[in-house]
Structure formats: C-alpha cells, structure tokens
Amino acid sequence: MNALEVIDLWVKVEGKEILKGVNLNIPKGELHILMGPNGAGKSTLAMTLAGHPKYVVEKGKIVLCGEEITHLPPEERARKGLMVLFQTPPELEGVYVADLINKISERFGSKVDVEELLKEVNLPPSFAYRYVNKGFSGGERKRFETARILAAKPKVVVMDEPDSGVDVESIKVIANTINKLLQMGTSVLVITHYRNILKYVTPHKVHVMIDGRIVKSGDISLVEEIEKKGFKEVVMH
Ligand code: ADP
Ligand code: MG
Ligand code: MG
C-alpha cells in the first residue's frame, strides 16, 4: 500500500497558482527524494502537505495510508501520522525540550527516554532543560527536529531541505534518523539540492519538480544526470 498519495494536486498561494497537478506515490518504508530548481514549488508542496492555511487546495487529493486528509487541519494530520519538518523550525520560548518530547511521545503512545533520544541525535543531555530551539545553532535545530520525529514514530515524514546550512556532523545525524525511520516502516520524502546526504541514505526513487509539476522520476542515477546536465536538459530527454 502507498503510505502517501498525492493525486493531481493544484494549489494556490495568495491568489497565485503554484502547484499545477502534482502526482506522487510513496509506498510504505520507502525513501523518495524531491529535487528541482528554486521556485519550482517544492516547499509549497511541503506546506500543503502540512496543512498550512495559506496554501489553498483548488483541486486534487492527499491520501495518507488509504485515508483522505486533503482538508484536515494540521494537528489532525500529525495525529494520523504525517509529520513535516520545515526549513526553519520555530523557537518556543518557555517550552522545555524535555516537556515537548514527553508530550509528543505520550500523545503518540510511545514512551521515550528524553536523554537517550537526545543522545541518538548527538545532543547533550543538558538540552533537555533548554527552551525549544532557543539559541540553538542551525545544526542543533535540525538535530532536535529529528529527535521530535523519532519520538512521534510517524507513518510519513516530509523534510524540506534538512541538509541546507548544516555541518557534515548534522547531515550524518539526519541521515541516521532517516535510516531508523525507514527501518520502522516509515516513508520519507526528502527535498534537497545537495548530494551530500545521498552518501548516507539510499533513495528508492528520485523526482524532479519544475514549475509546479513532477516532470520526471527515476532512480538514483537521475541525481548524477542532473548534476552533469542541469534540470532543463534532463527533463527534456
Ligand atoms: P521551492 O521550494 O521549490 O524553491 P517554493 O515552493 O518556495 O519553491 O515557491 C514556489 C513559488 O511560490 C515561488 O514563485 C514563490 O515565490 C511562490 N510562493 C511560495 N510561498 C509563497 C507565499 N507564502 N506567498 C506568495 N508566494 C509564495
Ligand atoms: Mg527555495
Ligand atoms: Mg524551498
């Protein structure tokens, strides 16, 4: 069964058509990569999957494990097992890391040891008593996001450029988390511009988005082809 199905999805943002018929299927336990030039609509797809109210679905469907979620509010989607990791996770002043992790794990019915979890993503135990993302470096934020995801054990995870602006150590932690998620049977969609993360994870499929549509899909060799020839050349052939 497909964990995530996006069917002919058309999305408007502030009156402008951005997604123009996106089709995407991700089977259970698979890793798919989404690439494409700046402004193609990749982040728009991530925001739409998250259920951000500014992203208006004009047409089409989003289906999570056989259940349509196109018009559900963000919390409902998360509760059903769809998590989206954003490019810039927000600071939560006054919310302790430990409290947030405990709340997430309770809500999703999985008990986790906060310090153990922090260790898994290479954050020191002292982070348990810091406010969420407050004063965290870019890499620390991304690593904490992956901890948040591991605590929730979701069915589908979407990561928007988890590897941009972070050091190699953090990329390895993110890749490690992706591999753990895949082992748990979670499906993962990673939006990325870079090859770096692909040294540590093996995608089942690579998709290319241009101008609001997925115009080409293939295996990992597509990444190399894009690097050599560029997006335009690759999708024309
Ligand atoms: P990508 O992530 O592939 O670089 P985006 O999804 O961020 O592309 O952007 C796609 C297009 O949608 C761009 O032309 C961008 O300017 C526009 N867009 C995205 N978000 C908004 C927004 N909140 N308001 C207005 N336009 C937006
Ligand atoms: Mg961009
Ligand atoms: Mg983007």
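Quantities reported herein were computed from a predicted structural model and do not represent experimental measurements. (Residues numbered from 1 in each chain as written. Chains lettered and ligands numbered in written order. Predicted model: local features only at pLDDT ≥ 70, side-chain atom pairs only at ≥ 80, totals over all residues. Heavy atoms only, no water.)

### Comments concerning helix α5 (residues 138–152)
Between its first and last C-alpha atoms α5 spans 22 Å; for 15 residues at 1.5 Å apiece the expected length is 21 Å, and the two agree. The element α5 is largely enclosed, with a buried count of 13 among its 15 residues. With its phi angle positive at about 45 degrees, Lys 153 sits one or two positions after the end of α5. (Helix = DSSP H or I, 4+ residues; strand = E, 2+ residues; numbered from the N terminus. Expected span 1.5 Å × (residues − 1). Buried < 20%, exposed > 50% of the residue type's maximum accessible area, 1.4 Å probe, protein only.)

### Concerning the site of ligand 1
Around ligand 1 there are 14 residues in total, and Gly 39, Gly 41, Lys 42, Ser 43 and Thr 44 lie nearest to it. The backbone of Gly 39 places a nitrogen or oxygen atom 2.8 Å from an oxygen atom of ligand 1. In the complex, 69% of the free accessible area of ligand 1, which totals 560 Å², lies under the protein chains. Considering every element that reaches the shell around ligand 1, the biggest residue donor is helix α1 (residues 42–50), with three residues. A breakdown of the residues in the shell around ligand 1 according to their chemical character gives five nonpolar, five polar and four charged. (Near = heavy atom within 4 Å. Polar contact = N/O pair within 3.5 Å; in protein donor to acceptor, adjacent residues only side chain to side chain. Areas by Shrake-Rupley, 256 points an atom, 1.4 Å probe, with all protein chains shown as cover. Nonpolar A, V, L, I, M, F, W, Y, C, P; charged D, E, K, R; others polar.)

### Details of helix α6 (residues 168–183)
Owing to its 3.6 residues per turn, the α-helix aligns residues three or four sequence positions apart on the same side. Over its 16 residues, α6 runs 23 Å from end to end, which matches the ideal 22 Å to within 8%, given 1.5 Å per residue. Residues of α6 that are buried include every one of Ser 170, Ile 171, Val 173, Ile 174, Ala 175, Thr 177, Ile 178, Leu 181 and Leu 182, and no others. Elements that come into contact with the buried residues of α6 comprise β3 (31–35), α5, β9 (156–160) and β10 (187–191). Immediately downstream of α6, the backbone of Gly 185 shows phi near 95 degrees, a positive value. (Contact = heavy atoms within 4.5 Å.)

### Looking at unusual backbone geometry
Phi at Glu 14 is positive, roughly 45 degrees, even though this residue is not glycine. Mapping Glu 14 onto the fold places it in the loop between β1 (2–13) and β2 (16–27). At Lys 153, a residue that is not glycine, the phi angle is positive and equals roughly 45 degrees. Relative to the helices and strands, Lys 153 resides in the loop between α5 and β9.

### Things to note about the UniProt feature "domain: ABC transporter" (unreviewed entry) in the protein
In this structure's numbering, the residues bearing the UniProt feature "domain: ABC transporter" (unreviewed entry) are residues 4–236. What you have in residues 4–236 is 34% helix and 31% strand, and the ends, taken at the C-alpha atoms, are 27 Å apart. (UniProt positions renumbered as here; feature names shortened; annotations may be inferred.)

### Describing the packing of α5 against α6
A pair of packed helices is captured by two measures, namely the crossing angle of their axes and the spacing between those axes. α6 packs onto α5 with a crossing angle of 10 degrees between their chain directions and a minimal axis gap of 9 Å. In terms of axis orientation, α5 runs roughly parallel to α6. Along this stretch, α5 crosses α6, giving a crossing that reads as left-handed. Residue-level inspection shows Gly 139, Lys 142, Arg 143, Thr 146, Ile 149 and Leu 150 of α5 in contact with α6, the latter providing Ser 170, Val 173, Ile 174, Thr 177, Lys 180 and Leu 181. Here the contact of α5 with α6 is built from residues that sort into five nonpolar, four polar and three charged. (Axes fitted to C-alpha atoms, helices over the stretch in contact; angles between N-to-C directions. Parallel < 35°, antiparallel > 145°, perpendicular 65-115°, else oblique. Left-handed = near helix turned anticlockwise from the far one by under 90°.)

### A short note on the pattern of salt bridges
Tallying each qualifying case throughout the model produces 14 salt bridges. One salt bridge connects Glu 93 with Lys 134, and the closest N-O pair in it is separated by 3.0 Å. Pair noted here: Glu 93 is in strand β7 (residues 92–96) and Lys 134 is in the loop between β8 (131–132) and α5, with a separation of 41 residues, a long-range link. Note that Arg 195 is salt-bridged to Glu 224, the shortest N-O span being 4.0 Å. Of the two residues, Arg 195 sits in the loop between β10 and β11 (205–210) while Glu 224 sits in helix α7 (residues 221–229), which places them 29 residues apart along the sequence. Relative accessible area serves as the criterion here: at 40%, Glu 224 is assigned to the partly exposed category. (Salt bridge = Lys/Arg side-chain N within 4 Å of Asp/Glu carboxyl O.)

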